[in-house]
Amino acid sequence: MLKLLEGPQTMGRGPAFWGAAGVVLLAALAYPMFADPYDVGNFGYFFVWIFMALGLCMMWGLCGMLSFGQTFFFGLAGYGYGVIAIDLGNGPLGTMAGLVGGLVLAAVAAAVLGYFMIYGRINGVFFGIVTLSVTLALAYFLGQTAGPEWAIGKARLNGFNGMQGMDPLTFPGPDGGIVLEETLFYYVLILGLAVAYLLLRMLANSRFGNVLVAIREDAERAELLGYDVRRYQLAVFVLGSTLAGLSGVLYTSWGQFITPSSIGLPAASMPIIWVAFSGRTDLTATLVGTFLLLLGFQSLTIYSQETALVLMGALLMATVLFVPRGFVLGIGDLLARLAMRRRREPRPAAAAEV
Amino acid sequence: MLGNLFAGFYQFADVFAFLVLSAAGLAIIFGMMGVINMAHGEFVMCGVYVTAASYHAGLPLPLAQACGTAVAFLIGMVLEAVVIRPLYTRPLDSLLVTWGLSLVVTQGTLVLVGSTFPGIGTPLGGFRVGDYTFSAYRMVLFAAAIGVLGFVWFLFLRTRFGIQARAVMQNPGMAQALGVRRNRVYALSFGVGAGLAGFCGALYAPTMSLIPTMGSSFIVESFVTVVVGGSSVLLGTAPAAVALAVIRTGLNAWYGQIIGQIGLLVAVILIIRVLPDGFTGWLTRRTA
Amino acid sequence: MTTLLELQGVSRRFGGFLAVREVDLAVEAGEIHCLIGPNGAGKSTLFKLVVGRYEPSAGRIHFRGHDVTRDAPHSRVQRGMSIKMQAPSVFRALPVRQNLHIAMQHHVPPAELAREEERLLELLGLASEGARPAGELSHGQQQWLEIGMAVALKPTLLLLDEPTAGLSPEETFRTGELVQRLAAGGMTVLAVEHDMSFVKQIATRVTVLHLGQVFARGSVEEIVSDPRVAEIYLGVPHAA
């Protein structure tokens, strides 16, 4: 099984790569000891989004399904978490049920929507615009729910202002449970991200991952090799969308609110931009690139959110026109090629240079 | 009685006009080039803003609307040459590039123009049928939608450009070998598509409040109409708009706007399950 | 001898055009059956009907005793069919070895995968090309790679749609040897082919299609010496 951590679908192999990854992980673990809690919380906030980027990487990068609906499942799970937590009286029971319920909601919605699209042979550009339409409709609908009649049990949807009043995720424990916030939130997210990253790497290099890549390259050929193409597409769509749902639950837990604006435009464009910029075919590039973009975006947003968004849009255009494979992946390839050359020529022939 | 009947027709005509006008430009570009222009909403917005600006500068409304349309057409032509042409063989990438553009334009307008812009009052007033009063301008919009369909019919079936365009659509390589300049056909098609989006914006400018993100209130309807319709405007967009308008009008009347919007989308998802190539594919198969 | 694939009265209509009409065809286990006919005879359509790309307008298709008439392509492949398409269709961006790997990963135990890939690469004459993207191979090499992918499924029936299209005479001959070696290993082959020298080299039985119908069938010698077959190929009008 562990063998699958390295393979044709993932960049990076050998002691150098894993050593570097280990150093990064250790640095991330040590970070809260040196930084002030506000920055730690901020970093934890960035990690929230990476799950949905990894999900998009799996379905778009590996399998060629460009879904604009990541924030649809993000929102569905986020609202689902809120409704369940509030109606079950919060605390460990409510929030844990909310976590599970939110993820199940996202997965079931993805299975239903995916079934109709994939078995209706919607693909290519239409897949993108149908998922986007559904996403914008959800945002529009939630924006209309300001009145008191829009409540599920005790949970008010609250229109544009969004839903509030849910607790952060709380693990069962003494004194009403262990609340997932600040430094603990940060550590749990690092752990979750590391586990998700490694599992997805193994999945990408497994037989399942091979079939996904085959479908991306030539779906008809894959079908004639005996693969039930549409079942694989549906499976990866559910997987990727559920990861978006996980981001939604974590986001709602982190800020204890969720609004329609985290579903509609421009929020819906963000996952696409992160993943395209990073290099959609590779999980490592997506992980690194998404984090860097979030960091950069956050720093710019302080001055002007609109300008930051203009830059993000321009970045997407530049990526597509000039580096279609993605910036981070391009740099990663370059590093790999340099490392390879150095291995091949252990010592530059200094004498010959004169 | 007559008033009620006319009210039903009026509701239908209003939705139908909105679907046709917002989708025609998108459908032409998709049908010709297989490209979905994600900045479609921004071309609509461009039409709205140029119309409003020219109107405030003193032009009469119809002339201002012509300006809105023309500017969108010209920008479309330029854009095609600069960002779409390098991506002819990569339709998914042209979708991404236009999406990036949409983000740049929306947010850029927010920065440069601000979040509001003075609007235009709806002209022409109202008229009475039975016990109800109706807006005359909505009837103009309905007529304009029919006019757009007529224009598309004329353009593609009765002009030299139309013959060349259809040749390129059938077989780009062969058309080029016969001396059709594919790039020019594509540029013009994209321009016409963008111009129709601008025209849509110009027409709706007097009916809406002007905000830079207003494009997004057009795109869901235009997307679903094109998805259900397929690649042809006349055989796809028009019948799709009729079907969707009937569904939407019924749902609106009985259950309200919100259910209308959601019901429309559910209907779309059910329809694509049974009509894989949309109305275009279905009608072409039936008549083959 | 057992019948592996059987078509009964299979027709396919496109609008008003009947591309394949009431074709009966039986492929027996162990034979190399060639399907020939002039352009437009309906060979490719028939192939697509066999593999499940098209559904027949009428008639039934049985494969290994099962009625597969309405089955999707992938489930026919899972029953033991395998096809090499007309234009080489390999995963162009992926390395040659991964192409084979994807084809065989569900048919070969994991421990033997690497050895099996090596053996196939050797057999296809691609031993030194394993790491190259398949799209960089020559046309002939891509054809062979695709045959290799079809073979990697360990099919009972191998379908070849013009396996020699675009190949040099030398490459064509080597392809014939490859097919014969596979048949000797117990594989049944049904091939659509234009090149008569190739047909003579490999076929144990030949069916001639003309205007969507079965025109003649028999051994290679019988078909080659049949004057009516020569006429449809040369376009000499049939003496009425």
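- For chain C, an unreviewed UniProt entry supplies the name ABC transporter ATP-binding protein and the organism Belnapia arida.

- Within an unreviewed UniProt entry, the label attached to chain A reads Branched-chain amino acid ABC transporter permease, and the organism entered is Belnapia arida.
- Of the comments in the UniProt record for chain A, the one headed Subcellular location (unreviewed entry) reads "Cell membrane".

**Points about the overall build of chain C**
Point 1. Within chain C, the regular secondary structure consists of nine helices and 10 strands.
Point 2. For the C-alpha atoms alone, the extent of chain C along its principal axes is close to 60 × 40 × 35 Å.
Point 3. Out of the 240 residues in chain C, the part that is buried amounts to 52%.
Point 4. Pairs at least 24 apart in sequence give 65% of the contacts found in chain C among residues at least 6 apart.
Point 5. By element, 53% of the accessible surface of chain C is carried by carbon and sulfur atoms, the whole surface being about 10300 Å².
Point 6. With 24 positive and 27 negative side-chain charges, chain C shows a separation of 5 Å between the mean positions of the two kinds.

**With respect to the interface of chain C and chain A**
Point 1. Facing the 21 residues of chain C at the interface are 20 residues of chain A.
Point 2. Overall, the association of chain C and chain A removes approximately 2000 Å² of surface from exposure, summing both partners, and the carbon and sulfur fraction of that is 58%.
Point 3. Remark: the boundary between chain C and chain A carries three salt bridges.
Point 4. The tally of links between chain C and chain A comes to 13 residue pairs in polar contact (both at pLDDT 80 or more).
Point 5. Of all elements in the fold, only helix H2 (73–78), helix H3 (96–104) and helix H5 (139–152) of chain C reach the threshold of two or more residues within the side of chain C that touches chain A.
Point 6. Among the residues forming the side of chain C that touches chain A, the class breakdown is 12 nonpolar, seven polar and two charged.

**Description of the sheet that holds strand E2 (residues 17–28) of chain C**
Residue and element names in this part refer to chain C.
Point 1. In spatial order, the strands read E2-E1-E4-E5; together these four strands make up an open sheet with antiparallel pairing. The open sheet terminates on both sides in strands that have one partner only, identified here as E2 and strand E5 (66–67).
Point 2. Two elements, strand E1 (residues 3–14) and E2, share eight bridges in a ladder whose sense is antiparallel. Across the sheet, the residue bridging to Arg12 is Val20, located in E2.

**Details of the environment of Phe63 of chain C**
All names here are of chain C.
Point 1. If you trace the backbone, Phe63 turns up in strand E4 (residues 58–63).
Point 2. What makes Phe63 buried here is its relative accessible area of 0%.
Point 3. Distance from Phe63 to Gly42, taken between C-alpha atoms, is 20 Å for residues 21 residues apart in sequence.
Point 4. The contacts of Phe63, once residues within four sequence positions are left out, are Leu4, Leu5, Val68, Arg76, Arg79, Gly80, Met81, Thr156 and Leu157.

**Quick word on empty space enclosed by the protein**
Empty space left among the atoms is revealed by rolling a probe the size of a water molecule over them.
Point 1. All chains considered together, the criterion is met by three cavities of 30 Å³ or more.
Point 2. Space inside the largest cavity adds up to approximately 170 Å³.
Point 3. As for the largest cavity, its lining consists of 15 residues, of which Leu265 of chain A together with Glu42, Ser102, Thr106 and Ser216 of chain B are closest to the centre.
Point 4. Elements represented by at least two residues in the lining of the largest cavity include exactly helix H2 (40–56), helix H4 (91–113) and helix H9 (216–229) of chain B.
Point 5. Looking at which element gives the most residues to the lining of the largest cavity, the answer is H4 of chain B, with five residues.
Point 6. In terms of residue class, the lining of the largest cavity is made up of six nonpolar, eight polar and one charged.
Point 7. Its volume calculated, the second largest cavity comes out at about 40 Å³.
Point 8. Forming the walls of the second largest cavity are Ile129, Val130, Ser133 and Val134 of chain A together with Phe223, Val224, Val227, Leu265, Val268 and Ile269 of chain B.
Point 9. The biggest single contributor to the lining of the second largest cavity is helix H5 (residues 125–143) of chain A, with four residues.

**Quick word on the packing of helix H4 (residues 91–119) of chain A against helix H9 (residues 229–255) of chain A**
Residues and elements named next belong to chain A.
Point 1. In the contact formed by H4 and H9, the axes pass within 8 Å of each other and the chain directions differ by 145°. As H4 runs across H9, the sense of the crossing is right-handed. Touching Leu99, Gly102, Leu103, Ala106, Ala107, Ala110, Ala111, Gly114, Tyr115, Met117, Ile118 and Tyr119 of H4 are Arg230, Arg231, Gln233, Leu234, Phe237, Val238, Ser241, Thr242, Gly245, Leu246 and Val249, all from H9.
Point 2. Grouping the amino acids of the contact of H4 with H9 by side-chain chemistry returns 15 nonpolar, six polar and two charged.

**Here we look at the pairing of strand E10 (residues 213–218) of chain C**
Residues and elements named next belong to chain C.
Point 1. Pairing between strand E9 (residues 205–210) and E10: five bridges, direction antiparallel. Bridge pairing in E10 links Val206 to Gly218.
Point 2. The turn linking E9 back onto E10 is made up of two residues, and Leu211 within it adopts a positive phi angle of 50°.

**So, the sheet that holds E9 of chain C**
All names here are of chain C.
Point 1. Strand order in this open sheet of six strands is E6-E7-E8-E3-E9-E10, and the pairing throughout is mixed. Across the chains shown, the open sheet's two edge strands, defined by having one partner strand only, are strand E6 (81–84) and E10. Recorded for the sheet is a direction-independent mean angle of 20° between the axes of neighbouring strands.
Point 2. Of the strands in this sheet, E6 and strand E7 (157–161) are in contact with H5, which crosses E6 at around 175°.
Point 3. Those strands touched by helix H6 (residues 169–184) are strand E3 (32–36), E7 and strand E8 (188–192), and its axis lies near 135° from that of E3.

**Overview of the packing of H9 of chain B against helix H10 (residues 233–255) of chain B**
Residues and elements named next belong to chain B.
Point 1. Axis separation between H9 and H10 bottoms out at 8 Å; the angle between their running directions is 120°. The orientation of H9 with respect to H10, classified from their angle, is oblique. Considering only the axes of H9 and H10, their crossing is right-handed. Contact residues: H9 offers Glu221, Val224, Thr225, Val228 and Gly229, while H10 offers Gly236, Thr237, Ala240, Ala241, Leu244 and Arg248.
Point 2. Taken together, the residues that form the contact of H9 with H10 break down as five nonpolar, four polar and two charged.

**Brief notes about the interface of chain B and chain A**
Point 1. Listed as interface residues are 39 residues of chain B and, on the opposing side, 43 residues of chain A.
Point 2. Summed over both partners, the interface of chain B with chain A comes to about 3700 Å²; 84% of that surface belongs to carbon and sulfur atoms.
Point 3. On the chain B side of the interface with chain A, the three residues burying the most area are Leu96, Trp99 and Arg273 of chain B, jointly 19% of the side's total.
Point 4. The tally of links between chain B and chain A comes to zero salt bridges.
Point 5. Joining chain B to chain A, the criterion identifies three residue pairs in polar contact (both at pLDDT 80 or more).
Point 6. Broken down by secondary-structure element, the contributors of at least two residues to the side of chain B that touches chain A are H4, H9 and helix H11 (257–274) of chain B.
Point 7. At 15 residues, the largest contribution of residues to the side of chain B that touches chain A is made by H4 of chain B.
Point 8. In the side of chain B that touches chain A, the residues fall into 30 nonpolar, six polar and three charged.

**So, a nonpolar patch on the surface**
Point 1. A grouping of Val100, Val104, Val108 and Val112 of chain A is seen on the molecular surface, where their side chains present a nonpolar patch of about 330 Å² in accessible area.
Point 2. Structurally, Val112 of chain A can be placed in helix H4.

**Here's the deal with the arrangement of the chains**
Point 1. In this assembly, two pairs of chains are in contact, and the pair with the greatest number of contacts comprises chains A and B.
Point 2. Between chain B and chain C there is no contact, and the shortest C-alpha to C-alpha distance separating them is 6 Å.

**A few points about unusual backbone geometry**
As a rule of thumb, non-glycine residues mostly have phi less than zero, and peptide bonds are mostly trans rather than cis.
Point 1. A cis amide bond links Leu265 of chain A with the next residue in sequence, Pro266 of chain A, at an omega value of 0°.
Point 2. Tracing the sequence through the fold places Pro266 of chain A in the loop between strand E6 (257–258) and helix H10 (269–278).
Point 3. Phi is positive for Leu211 of chain C, close to 50°, though the residue is something other than glycine.
Point 4. With respect to the element layout, Leu211 of chain C can be found in the loop between E9 and E10.
Point 5. The exposure class assigned to Leu211 of chain C is exposed, which follows from its relative accessible area of 56%.

**Concerning the confidence of the model for chain C**
Point 1. In the predicted model, chain C carries a mean pLDDT of 88, and 97% of its residues have values of at least 70.
Point 2. The ipTM for the predicted assembly is 0.88, set against a pTM of 0.91.

The rules we used
As a convention, each chain's residues are numbered from 1 in the sequence order in which they are written. Just so you know, chain letters begin at A and ligand numbers begin at 1, following the order they were written in. Where local features are concerned, this predicted model is filtered to residues with pLDDT of at least 70; where side-chain atom pairs are given and counted, the filter is 80 or more; whole-chain, interface and lining totals use all residues. Hydrogen atoms and water are omitted, and side-chain values are computed over all heavy atoms in the structure. UniProt positions are given in the numbering used here, feature names are shortened, and annotations may be inferred rather than shown by experiment. Secondary structure elements are defined from DSSP: runs of H or I of at least 4 residues count as helices, runs of E of at least 2 residues count as strands, and each element is numbered from the N terminus. Note on classification: 1.4 Å probe, protein chains only; a residue is buried when its accessible area is under 20% of the maximum for its type, exposed when over 50%, partly exposed between these limits. Throughout, a residue-residue contact means that at least one pair of heavy atoms, one from each residue, lies within 4.5 Å. Surface accessibility follows the Shrake-Rupley procedure with a 1.4 Å probe radius. Residue values consider only the protein chains on display as shielding. By the counting scheme adopted, Arg and Lys are positive, Glu and Asp are negative, and His together with the chain ends is not counted. Taken as the charge centre is NZ of Lys, CZ of Arg, CG of Asp or CD of Glu, depending on the residue. Two parts placed together each lose some accessible area; with a 1.4 Å probe, that loss summed over both constitutes the buried area. Any carboxyl oxygen of Asp or Glu within 4 Å of a side-chain nitrogen of Lys or Arg constitutes a salt bridge here. In the analysis that follows, any N or O atom pair within 3.5 Å is treated as a polar contact, provided that within protein one partner can donate a hydrogen and the other can accept it, and provided that, for residues neighboring in sequence, both atoms belong to side chains. Gly is put with the polar residues, along with every residue not named as nonpolar or charged; the nonpolar set is Ala, Val, Leu, Ile, Met, Phe, Trp, Tyr, Cys and Pro, and the charged set is Asp, Glu, Lys and Arg. Paired strands, as defined in this entry, are two strands with at least two bridges between them according to DSSP. A 1.4 Å probe that fits into a set of points on a 1 Å grid over the protein atoms alone but cannot get out defines a cavity; an open set with protein on both sides within 12 Å along at least five of seven lines defines a pocket, and lining residues are those with an atom within 4 Å of a point. Grid points are joined across faces, edges and corners, and a volume is the space filled by probe spheres set on the points. Axis definition: a line fitted to C-alpha atoms, limited for helices to the stretch in contact. Angles are taken between N-to-C directions and run from 0 to 180 degrees. It is the rotation of the near helix from the far one that decides the hand of a crossing: anticlockwise by less than a right angle makes it left-handed, clockwise makes it right-handed. Working definition: roughly parallel below 35 degrees, roughly antiparallel above 145 degrees, roughly perpendicular at 65 to 115 degrees, and oblique for all remaining angles. Without a salt bridge and with relative accessible area above 30%, a residue can belong to a patch; like charges are then joined within 9 Å and nonpolar side chains (Val, Leu, Ile, Met, Phe, Trp, Tyr) within 5 Å. What pLDDT conveys is the predictor's confidence in a given residue, as a value from 0 to 100.

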